[in-house]
Amino acid sequence: MKNVIGVLVLILLTASAVQAGSVPRVAIQRPQQAKVFIYPPICESRELPSIPNDGTVYLQVYTSGAHELYIEFNGQSIRDETGTIIYYPKVTPETLEIIPVIIEEQYQHKPCYVMARAVNQYGANTVYSVFIPIPTGGGEMTAAYGCTTMY
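The rules behind each value
- Residues numbered from 1 in each chain as written.
- Predicted model: local features only at pLDDT ≥ 70, side-chain atom pairs only at ≥ 80, totals over all residues.
- Heavy atoms only, no water.
- Helix = DSSP H or I, 4+ residues; strand = E, 2+ residues; numbered from the N terminus.
- Buried < 20%, exposed > 50% of the residue type's maximum accessible area, 1.4 Å probe, protein only.
- Contact = heavy atoms within 4.5 Å.
- Areas by Shrake-Rupley, 256 points an atom, 1.4 Å probe, with all protein chains shown as cover.
- Pairing = 2+ DSSP bridges.
- Axes fitted to C-alpha atoms, helices over the stretch in contact; angles between N-to-C directions.
- pLDDT = per-residue confidence, 0-100.

Once that is clear, we can look at the overall build of the protein. If you tally the helices and strands in the protein, you get 2 helices and 11 strands. Ordered by position from the N terminus, the helices and strands of the protein form the series α-β-β-α-β-β-β-β-β-β-β-β-β. The buried share of the protein, reckoned over its 151 residues, is 32%. For the protein, the share of sequence-separated contacts (at least 6 apart) that also reach a separation of at least 24 residues comes to 74%. For the protein, the accessible area works out to roughly 9,200 Å², and carbon and sulfur atoms hold 56% of it.

Take a look at the structure:
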């Protein structure tokens, strides 16, 4: 009886592993996940470059085997300057999607997060990236509160 149960478990594990290989893959390549430090004290007034292009960050999302791609910024669909949803969802995404994300003034100097969810007929894969934007400008150095890996 133990051998029969063992064989059944092995078959189920094998079938599960085969199906898992078909689940879509998704990775946020930029912005990178942030590491925010209040200490050491140098991070309290660090000189970091501001966000250029009037506060636009170009989100880079890598997908593999996905039929649909959902992107959210702070829990909201990505919109253009007029409020029109421009990226939710995207059917048959490219392998590397580059999506402009406009960082509004109310989100500057605050933690922001991006969610990317890739879906196909075998399942879904969701990843998050958290970062702290620095106020807009022409890319010049400016004092910032906290340290992050993005800028």
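The next point concerns the environment of Tyr-70. Along the chain, the position of Tyr-70 falls in strand E4 (residues 68-73). Separated by 56 residues in sequence, Tyr-70 and Thr-126 have C-alpha atoms that sit 9.1 Å apart. Filtering out sequence-adjacent residues up to four positions away, Tyr-70 remains in contact with Tyr-88, Pro-89, Met-115, Ala-116, Arg-117 and Val-119.

A sheet is described by the order of its strands in space; here 3 strands give the open sequence E1-E3-E8, paired in antiparallel fashion. Looking at the sheet topology across the chains shown, the edges are occupied by strand E1 (25-30) and strand E8 (96-102). Sheet twist, expressed as the mean angle between neighbouring strand axes with direction ignored, is 25 degrees. For E1 and strand E3 (residues 56-64), the ladder comprises 5 bridges, and the chain directions are antiparallel. Within E3, the residue paired with Arg-25 across the bridge is Ser-64.

Take the confidence of the model for the protein next. The predicted coordinates of low-pLDDT regions are not to be read in fine detail. Averaged over all residues, the pLDDT of the protein is 75; the fraction at 70 or higher stands at 66%. Of all the helices and strands in the protein, helix H1 (residues 2-20) carries the lowest mean pLDDT, 56, while E4 carries the highest, 92.

The next point concerns unusual backbone geometry. Not every positive phi belongs to a glycine, and Asn-74 is a case in point at roughly 55 degrees. Relative to the helices and strands, Asn-74 is located in the loop between E4 and strand E5 (76-79). Assessed through its relative accessible area of 14%, Asn-74 is described here as buried.

So, about the pairing of E5. Bridge count between E4 and E5: 2 bridges; the pairing is antiparallel. Note on E5: the bridge partner recorded for Phe-73 is Gln-76. The turn joining E4 and E5, which pair antiparallel and follow one another in sequence, is formed by 2 residues; a positive phi near 55 degrees is taken by Asn-74. Pairing analysis gives 2 bridges linking E5 to strand E6 (residues 85-87), with the strands arranged antiparallel. Paired with Ile-78 across the strands is Tyr-87, a residue of E6. Between E5 and E6, which pair antiparallel in sequence order, lie 5 residues; one of them, Gly-83, sits at a positive phi of approximately 95 degrees.

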